[in-house]
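So you can see what is in the structure, the chains are spelled out below.
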Amino acid sequence: MQQKPDAPECSMRDWLNWLVRIALTSKGDLINPSTRPQPLNREQTARLVSRLVQRGFAKFTEIEVGIRDEQVSSLTAEDERWLQTEIRRQLKDKRREENDWPEETSWDRLNKVFKSLRRSGIIALHNAGFDESDGLTLVDEAREASTSRPFKGFCFYHQQDVDAALDYNSLSLSYGAFDPSPEAMQWVPRLILTKSREAGFAAEWSGNYAERIVLAGFVWQKRSPRSTSARQSF
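K.L.:
For this particular structure, what's the right way to read the nonpolar core?
P.N.:
Among soluble globular proteins, nonpolar side chains are generally buried collectively. Counting residues in hydrophobic clusters, the biggest one holds 28 residues, and the most contacted among them are Phe-114, Leu-117, Tyr-157, Leu-171, Leu-173, Leu-215 and Trp-220. Of all hydrophobic cores here, the second largest spans 14 residues; its members include Leu-52, Val-53, Ile-67 and Leu-75.

Okay, structure coming up:
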């Protein structure tokens, strides 16, 4: 709230300035600095763009929207142009790198594993939200949305797992059984292990249902979508 100037000490200009501020702030706080475009931290933003590009799930418009959502204020026109140029540059560089990748990458093999798991009654989700909680929510939504067949369990990895794979060449998988029997709680992770190993992965599991499956030596190489986003399937 604007403080009213002390009448005995203020000038007519003080009064006018105070009235202008009151008029502006009463219409949506128009003079609040946080509503004005702020300079973009380009070094930090370039790193964020790189991570979004290297994950391989987002196309140009989705990356742009993702960056905008991270900002506390609108972007200047100059920063808007820089951001679009930076996204295009990094996508172009990645697509050039993709030409040197194996025809079938680790992600491609994992995608085949997930398709096989689905045929066996397992909900298998790529990039299932930001964290474990998001993944479990998406599993519930997939289970409720399907009317074609009953599912026996689930398997997924989330965004934090993707980042760990990019940084450390190791991908962790979450899993679970919808039947709480001891047999089902062992059958689901052992099925995932079997199919992962058949695909050539060094899949590791302690045998403890509370611990995740790890695909050691997983080199994250997912080709970016060209025009449309890959739809999540389960």
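K.L.:
Looking at this model, I keep getting lost on the packing of helix 5 (residues 106-119) against helix 8 (residues 182-198). Mind explaining?
P.N.:
Two quantities define a packed helix pair, namely the angle between the axes and the distance from one axis to the other. Where helix 5 contacts helix 8, the two axes come as close as 10 Å, and the packing angle between them is 140 degrees. The orientation of helix 5 relative to helix 8 falls into the category oblique. In terms of crossing hand, the pair formed by helix 5 and helix 8 is right-handed. Across the interface between the two elements, Val-113, Ser-116 and Leu-117 from helix 5 touch Leu-191, Ile-192, Lys-195 and Ser-196 from helix 8.

K.L.:
Explanation requested: the packing of helix 3 (residues 60-70) against helix 4 (residues 77-98) in the structure shown.
P.N.:
It is at 10 Å that the axes of helix 3 and helix 4 come closest, and there the two elements cross at 135 degrees. Judged on the interaxial angle alone, helix 4 and helix 3 are oblique. The crossing of helix 3 and helix 4 is right-handed. Counting all contacts with helix 3, which are made through Phe-60, Ile-63, Glu-64, Ile-67 and Arg-68, the residues of helix 4 involved are Glu-80, Leu-83, Gln-84, Ile-87, Arg-88 and Leu-91. Looking at the contact of helix 3 with helix 4, its residues break down into six nonpolar, one polar and four charged.

Here is what the cut-offs are and how they apply
- Residues numbered from 1 in each chain as written.
- Predicted model: local features only at pLDDT ≥ 70, side-chain atom pairs only at ≥ 80, totals over all residues.
- Heavy atoms only, no water.
- Core = buried A, V, L, I, M, F, W, Y, C linked by side-chain atoms within 4.5 Å.
- Buried < 20%, exposed > 50% of the residue type's maximum accessible area, 1.4 Å probe, protein only.
- Axes fitted to C-alpha atoms, helices over the stretch in contact; angles between N-to-C directions.
- Helix = DSSP H or I, 4+ residues; strand = E, 2+ residues; numbered from the N terminus.
- Parallel < 35°, antiparallel > 145°, perpendicular 65-115°, else oblique.
- Left-handed = near helix turned anticlockwise from the far one by under 90°.
- Contact = heavy atoms within 4.5 Å.
- Nonpolar A, V, L, I, M, F, W, Y, C, P; charged D, E, K, R; others polar.

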